[in-house]
Amino acid sequence: AQRVTQPEKLLSVFKGAPVELKCNYSYSGSPELFWYVQYSRQRLQLLLRHISRESIKGFTADLNKGETSFHLKKPFAQEEDSAMYYCALSGSSNTGKLIFGQGTTLQVKP
Amino acid sequence: DAGVIQSPRHEVTEMGQEVTLRCKPISGHNSLFWYRQTMMRGLELLIYFNNNVPIDDSGMPEDRFSAKMPNASFSTLKIQPSEPRDSAVYFCASSSRGTLRTQYFGPGTRLTVL
């Protein structure tokens, strides 16, 4: 079964500290992984996708097929990073269906 | 483009009443998704359409929920009769092959059933 697990509902760090938001997935084929972010009072939006191998707002995520993980990392957290983060998986269908994790709220304290 | 548009933004209704949520996807997108977000269950996919055809409605909680997409620029999610446990934020999202399956979300409709 396709599943995305984000084990932490809340992650609280101080400004300038490193951040790692965990995401593990279950999928038998070759998945496509995404991170979406929802800032307060804003709509959910794409942060990054694994196939792009890019860094957005200082965040990176590497797909580890051996550990079936796609953790989101940032070396130095900023207060404006405070938001809800969702990890999502897309299977091989062409419809673009995404399976979302439960979400992790990141709280960056001053 | 104004992005995905949803209406109403807030809906308060009483148990037993019919509720209709509306969504206008981004022009040119051929896939449309309805999600429900709650504190307990996070973001759940209810149903999605491809080229106006429902592809997978396995996430629809029960027969009280129904969704339609009469044309490429409009979709509705209806709950009849509504119950307090339906209280949640309902999101609509759209995508296309051109967006490499990136989904663009609407602002959501916050539904409260009393």
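Placed above this text is the structure.
This is a predicted model, so every value here is computed, not measured. Numbers given for residues are sequential positions, taken from 1 along each chain in its written order. The lettering of chains begins at A and the numbering of ligands begins at 1, in the order of writing. In keeping with the predicted nature of the model, local features appear solely for residues at pLDDT of at least 70, side-chain atom pairs appear and are counted solely at 80 or more, and the whole-chain, interface and lining totals rest on all residues. By convention in this description, side-chain values take in all heavy atoms of the structure and omit both hydrogens and water.

**Things to note about the layout of surface pockets**
By volume, the largest pocket is sized at about 700 Å³. Only protein atoms enter the 1 Å grid, on which a cavity is a set of points fitting a 1.4 Å probe that cannot get out and a pocket is an open set with protein on both sides within 12 Å along at least 5 of 7 lines, lining residues being those with an atom within 4 Å of a point. Together, 25 residues line the largest pocket, and A:Gln38, B:Gln37, B:Val89, B:Phe91 and B:Arg110 are the ones closest to its centre. A helix here means a DSSP run of H or I that spans at least four residues, while a strand means a run of E at least two residues long, and both kinds are numbered starting from the N terminus. Elements supplying a minimum of two residues to the lining of the largest pocket: strand S9 (83-90) of chain A together with strand S4 (31-38), strand S9 (88-95) and strand S11 (109-113) of chain B. Take the lining of the largest pocket: its biggest share by element is three residues, from S9(B). For this scheme, ten residues count as nonpolar: Ala, Val, Leu, Ile, Met, Phe, Trp, Tyr, Cys and Pro. Four count as charged, namely Asp, Glu, Lys and Arg, and the remainder, Gly too, count as polar. Class assignment for the residues of the lining of the largest pocket results in eight nonpolar, twelve polar and five charged. Space inside the second largest pocket adds up to approximately 310 Å³. In terms of lining residues, the second largest pocket is bounded by 16 residues, among which A:Ile99, A:Phe100, B:Leu43, B:Glu44 and B:Leu45 are the most central. Listed by contribution, the elements that provide at least two residues to the lining of the second largest pocket are strand S10 (98-100) of chain A together with strand S5 (42-50) of chain B. Grid points are joined across faces, edges and corners, and a volume is the space filled by probe spheres set on the points.

**With respect to the packing of aromatic side chains**
When the centres of two rings from Phe, Tyr and Trp lie within 6.5 Å, Trp using its six-membered ring, the rings pair. Their planes under 30 degrees apart give stacked, over 60 give edge-to-face, and anything left gives tilted. Taken as a whole and assessed by the stated rule, the structure comprises eleven aromatic pairs over all chains. A centroid spacing of 5.8 Å and a plane angle of 75° characterise the contact between A:Tyr36 and B:Phe105, whose relative ring orientation is edge-to-face. You can see A:Tyr36 sitting in strand S5 (residues 32-38) and its partner B:Phe105 sitting in strand S10 (residues 104-105), one on each of two chains. Summarising the aromatic geometry, the rings of A:Phe59 and A:Tyr85 are spaced 5.6 Å apart at their centres and angled 50° between planes, so their arrangement reads as tilted. Placement of the pair is A:Phe59 in the loop between strand S6 (45-49) and strand S7 (60-61) and A:Tyr85 in strand S9, with a sequence separation of 26 residues.

No statement about biological role is implied by the geometric values presented.
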